[in-house]
Structure formats: structure tokens, C-alpha cells
Amino acid sequence: MMKKAEADKIPEIYREMEKRGFFDLSEYDGYRNYGKYLWMNDMEWMPVEDIINYEYEEGESQDIIPFATTAGGDKWVWVTDRNYYIGICDHADTIGEFYACDLESAILRHIFEYVTESGFYVDESRARSYEISEPELKKRLKDWRTRLDGILKEEYLKAIDDLGKLHLKKFVYGKAEYYGLLSNDELDELIEKYIQFDRLGEEFEWCTMEYFQLCSCDDCMGTKI
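This one's a predicted model, so the numbers in the text were calculated from it and none came from an experiment.

Draft legend 1. Representation of the nonpolar core within the structure. Ranked by internal contacts, the top residues of the largest apolar core, which has 68 residues, are Tyr14, Met17, Trp45, Phe67 and Leu148. Take this core: its biggest share by element is eight residues, from helix α4 (residues 103–116). When residues no more than four places from it in sequence are discounted, the contact partners of tyrosine 14 are Phe23, Trp45, Met46, Val48, Ile51, Phe67, Trp78 and Leu103.

Draft legend 2. Local environment of the packing of aromatic side chains. All chains considered together, the criterion is met by 24 aromatic pairs. Measuring from centroid to centroid gives 4.7 Å for tryptophan 76 and tyrosine 99, while their planes differ by 75°, and the two rings are edge-to-face. Taken together, the residues span a long stretch of sequence, with tryptophan 76 in strand β3 (residues 75–79) and tyrosine 99 in strand β5 (residues 95–100) at a distance of 23 residues. Note on tryptophan 76: relative accessible area 4%, which makes it buried. You can call tyrosine 99 buried: its relative accessible area is 5%. Centroid distance phenylalanine 112 to tyrosine 194: 5.7 Å. Interplanar angle 50°. Geometry classified as tilted. With phenylalanine 112 in helix α4 and tyrosine 194 in helix α7 (residues 184–194), this pair connects stretches of sequence that are 82 residues apart. Accessibility classification places phenylalanine 112 together with tyrosine 194 in one group, the buried group. A network of ring pairs unites the aromatic residues Tyr28, Tyr34, Tyr37, Trp39, Tyr114, Phe120 and Trp144 as a single cluster. Across from the ring centre of tyrosine 99, 4.0 Å away, lies the NZ or CZ of arginine 109, which sits over that ring.

Draft legend 3. Highlighting the environment of isoleucine 160. Considering the arrangement of structural elements, one finds isoleucine 160 in helix α6 (residues 154–163). Among the residues examined, isoleucine 160 registers a relative accessible area of 2% and is labelled buried. In sequence terms isoleucine 160 and isoleucine 111 are 49 residues apart; their C-alpha atoms lie 8.1 Å from each other.

Draft legend 4. Region of interest: the packing of α4 against α7. Put simply, α4 and α7 touch, their axes get as near as 10 Å, and they point 170° apart. Taken together, the axes of α4 and α7 are roughly antiparallel relative to one another. Across from Leu108, Arg109, Phe112, Glu113 and Thr116 in α4, the residues of α7 making contact are Asn184, Leu187, Leu190, Ile191 and Tyr194. For the contact of α4 with α7, the class distribution of residues is six nonpolar, two polar and two charged.

Draft legend 5. Looking closely at the pairing of strand β6 (residues 169–173). In the sheet, β6 pairs with strand β7 (residues 176–180) via five bridges, with the strands oriented antiparallel. Residue lysine 170 lies in a different strand from β7, and its bridge partner there is tyrosine 179. What sits between β6 and β7 in their antiparallel hairpin is a turn of two residues, with glycine 174 showing a positive phi close to 65°.

Draft legend 6. Representation of the state of the cysteines. Counted under the stated rule, the structure contains zero disulfides. Distance from the sulfur of cysteine 89, which forms no disulfide, to the nearest cysteine sulfur (cysteine 207) is 7.8 Å.

Draft legend 7. Just the side chain of arginine 140, in detail. Tracing the backbone through its elements, the reader meets arginine 140 in helix α5 (residues 134–147). No salt bridge is formed by the buried arginine 140, whose closest oppositely charged neighbour, glutamate 136, lies at an N-O distance of 6.7 Å.

Draft legend 8. Spotlight on the sheet that holds strand β1 (residues 44–45). Spatially, β1-β2-β3-β4-β5-β8 is the arrangement adopted by the six strands of the open sheet, whose pairing is antiparallel. Either end of the sheet is taken by a strand with one partner, and the two such strands are β1 and β8 (203–205). Both β5 and β8 contribute to a ladder of three bridges, which runs antiparallel. By the bridge assignment, glycine 96 is partnered in β8 with phenylalanine 204. With respect to the sheet, α4 is in contact with β1, β2 (64–69), β3, β4 (85–89) and β5, its orientation differing from that of β5 by roughly 90°.

Calculation rules
Residues numbered from 1 in each chain as written. Predicted model: local features only at pLDDT ≥ 70, side-chain atom pairs only at ≥ 80, totals over all residues. Heavy atoms only, no water. Core = buried A, V, L, I, M, F, W, Y, C linked by side-chain atoms within 4.5 Å. Buried < 20%, exposed > 50% of the residue type's maximum accessible area, 1.4 Å probe, protein only. Helix = DSSP H or I, 4+ residues; strand = E, 2+ residues; numbered from the N terminus. Contact = heavy atoms within 4.5 Å. Phe/Tyr/Trp six-rings, centres within 6.5 Å; stacked < 30°, edge-to-face > 60°. Lys NZ or Arg CZ within 6 Å of the ring centre and 35° of its normal. Axes fitted to C-alpha atoms, helices over the stretch in contact; angles between N-to-C directions. Parallel < 35°, antiparallel > 145°, perpendicular 65-115°, else oblique. Nonpolar A, V, L, I, M, F, W, Y, C, P; charged D, E, K, R; others polar. Pairing = 2+ DSSP bridges. Disulfide = S-S within 2.5 Å. Lys, Arg positive; Asp, Glu negative; His and termini not counted. Salt bridge = Lys/Arg side-chain N within 4 Å of Asp/Glu carboxyl O.

Rendered as C-alpha cells:
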């Protein structure tokens, strides 16, 4: 369980997000209607109480505070001995990677990456089940822009507005073809412009090999229980 001094340092912005109902899944319909919950492509939020009551496993660094997970079981964390920078901890490796200097920057970067990925369609007859149309994407961007007002700074909100003015483009990489709002080069440019984090991509150790030896999940390396 987290020490009280550390619990008090959970960023106020995160507590404000909870007050707004961003972590409330009670209205989720199991498909695309999330109600008050703030859907992000691969950030599944933890309520503040769950963060405070988080139980560290043997070999897991207590210099991290998990606040969200990915669909694949990786952990989004605050790295407490590094100014509460945002890190992403690979669930199958002892090494994590710095992602952003704070939560606001992490959210914006995550949105940039989302609109660059292959989750969109132009021709509905060829759409995969997980893909959405350009109008649906624009609606999602507008929803983020509206709901994150007062959470993100104005510069970041304007960046989301600017994304909403773009149109899906076709990208071809080798044999892969997909649609997105941004190319990989454009993504890199936006990250450099807005995130401005000199430790971006640097690594840190978030657990020891002992953690994996005790871990029972299917994907972890080491000896399973």
C-alpha cells in the first residue's frame, strides 16, 4: 500500500479527472458508449482509491506509482524519484521507458499517436470491426477537446482542435496500407513541438527478475507459479 506522503502527491489534475467521472465505467455499454468514462486508446484508468491501495509485489520498485494499464497489461506509472515523470512499464521486461514529463503531456501524446495508427476506415464495406469512420473520429476528438477543458492547457487544447481540421490520408508502408490523420514523420514533429521532454525514451528499471519469478501472468518471462 502507498505511504500517506506519496498518496498526497497524486497530481491534483488526476483527482480532478476522478471528480468529473472520468474513471466511472458504470454507464459503459460494452461497445462504444462509455458514458462519463474518459476513453483513451490504450490507457485504462485506475480510481484514486485503487492507486492508494495498490499492493506492490515482491521485486517491484516502490519508486513507481501505477495509475493506468494498457490492454496488454503494461503499466502507466508516475516515477516518483524522477519528478513524477510518466513512464510505461513493459509487463514482460524489467525496463520501463519515460513517456512524458507530466500527465497532461502524456494524454496529448497518446492522442497524437492514436490518430496516427491504423484504426480508421474510408470504405465502410471493407472496415474491420475495431475501425471507425472519419466523422466518428472527429466526434471523438471534439469530445476530448470539450471534456479536457480545464485539465489540459490551452496550447494542448488548440492542438486537438487542429487535429479535428485534418482528414484521413492513406499510408503505405511495405505491404501494409492504412488510414490516419498523421504520418509517422508528422507525429514525430508534433511530439518534438509539444512534449518537449529531454528524457523522452530513456529507460528505467521498474522491477527485478525476482518479480517475474513470482509473477503468474501468461506473458511474463521467468518461472510461473
